[in-house]
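Next come the chains, spelled out residue by residue.
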Amino acid sequence: MDIKIGRGTVSNLRDIVDEMRPYKVAVITDSNVARLHMEALGDLKAVHIILPPGERAKSIEAAIHIWKKMISEEFTRKSLVIGFGGGVITDLAGFVASTFMRGLPLILLPTTLIAQIDAAIGGKTGINFEGKNIIGTFYSPERILIDPDFLKTLPPEEWKNGYGELVKYAILSREIYEMLWKKKDVDEEVIRLCVNYKIGVVKEDMREQGKRRILNLGHTFAHALEKLSGYTIKHGIAVAQGLRFAGILSRKLYGFDPAPLNSLLDAFDISLSLSFKPREILSAMKNDKKFWYGKMVFVLPMDIGRVIIEEVQENLILETLEDMLCSQV
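Scope of this entry: the structure provided in the associated data block. (Residues numbered from 1 in each chain as written. Predicted model: local features only at pLDDT ≥ 70, side-chain atom pairs only at ≥ 80, totals over all residues. Heavy atoms only, no water.)

## Side note on helix 7 (residues 174–183)
Our working rule: To sort residues, take the accessible area from a 1.4 Å probe on protein chains only and compare it with the maximum for the residue type: under 20% means buried, over 50% means exposed, and anything in between is partly exposed. Runs of H or I in DSSP of at least four residues are treated as helices and runs of E of at least two as strands, each being numbered from the N terminus. Here the arc refers to the directions that run from the helix axis out to each C-beta atom. Residue contacts are defined here by distance: any two heavy atoms, one from each residue, within 4.5 Å place the two residues in contact.
Those residues of helix 7 lying buried are Ile176, Tyr177, Met179 and Leu180. Buried residues in helix 7, looked at end-on, bunch into an arc of 165°, giving them a common side. Away from the buried face of helix 7 by more than 90 degrees, exposed residues Glu175 and Lys182 are located. On its buried face, helix 7 is in contact with helix 6 (156–172), helix 8 (188–204) and helix 11 (259–267).

Here's what the structure looks like:
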């Protein structure tokens, strides 16, 4: 997996594709990215598959639509898939590439903050099916081109979506935490730190059997919120609430001080008023794919730069949910 980070990186795409010499090329994107950025691909000859924006596009129906389109266009195993968009598109394009004819070469061009620092990195693919990312594969792209210039067109909600994952990395890495407080902004250096951190973890544990599980900090709670909201709550914003939940839970268990975590979330203005009942959230959590061996297992912060993976009893989870939701009233 070759990752290039830098302004104008996408201008190298045509040369990269020419070197790969694919029989045909499919560019999978959404209508927002197509409207704003399709010209960035230049004169690349490709079949454009344009989907509606949003999490609902990450579905088995969308995958079937793409597979049928590729069959009708006579794609072969020597063809190439390019995922051009945010995390929904990079996850979906990766899933399609990994399954069509047992695997096609894949290039990812992430266009949102959450995709550039997280979703496009690490070789996970997936679609939502009765829950978040329930169907998916581990499949590494040939190339990832991360061009920060794409972020110039992001609306405020998409910046917040990315900030949730960014704060997660800041809790996992003291270097990233200190960098964020120093800069209070996102630039190429911050993106590179997050990418390098995730690559380092993934190299040790590609298939999430051990250390890679720390990257799920805040995610079991987040996936429950996304599902309960019908995926109207964006992933990164849900992760931010999952981080708050993990902070409260860790305070109860180990005396963790969640103030630094909450201060960073507040600095990036990631707040959300939740209307779900504690037992609704708990029930949705149990459907998460991280619910190993029928046990509720969470990544919990112990300090900035240090987390543990811990089984937590259901009664304490419910108590923590009640405390968290009551504090919003």
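## So, the sheet that holds strand 6 (residues 143–146)
To keep things clear, this is the line we draw: When DSSP locates at least two bridges between a pair of strands, those strands are taken to pair. Lines are fitted to the C-alpha atoms to define the axes, a helix being fitted only along its stretch in contact, and any angle between axes, read from their N-to-C directions, falls within 0 to 180 degrees.
Here we have 6 strands laid out as an open sheet, ordered 1-6-5-4-2-3, and parallel in their pairing. Edge strands, defined here as strands with exactly one partner in the open sheet, are strand 1 (2–5) and strand 3 (47–51). Pairwise comparison of adjacent strand axes, ignoring direction, gives a mean angle of 15° for this sheet. Both strand 4 (residues 80–85) and strand 5 (residues 106–110) contribute to a ladder of 5 bridges, which runs parallel. When the bridges of strand 5 are listed, phenylalanine 84 appears paired with leucine 109. The strands that helix 3 (residues 60–72) touches are strand 2 (25–30), strand 3 and strand 4; relative to strand 3, the one it contacts most, it runs at about 160°.

## Details of the packing of aromatic side chains
Rules: In this analysis, rings of Phe, Tyr and Trp, with Trp reduced to its six-membered ring, are considered paired at centre separations within 6.5 Å, and the interplanar angle assigns stacked below 30 degrees, edge-to-face beyond 60, and tilted for intermediate values.
By the definition in use, this model includes 8 aromatic pairs. Considering the side-chain rings of tryptophan 159 and tyrosine 163, the 6.0 Å spacing of their centres and the 35° angle between planes classify their relative orientation as tilted. Taken as a pair, tryptophan 159 and tyrosine 163 lie in helix 6 at a separation of 4 residues, close to a single helical turn. When sorted by exposure, tryptophan 159 lands in the same class as tyrosine 163, which is buried. Consider the rings of tyrosine 163 and phenylalanine 268, whose centres lie 4.5 Å apart with planes at 40°: the pair is tilted.

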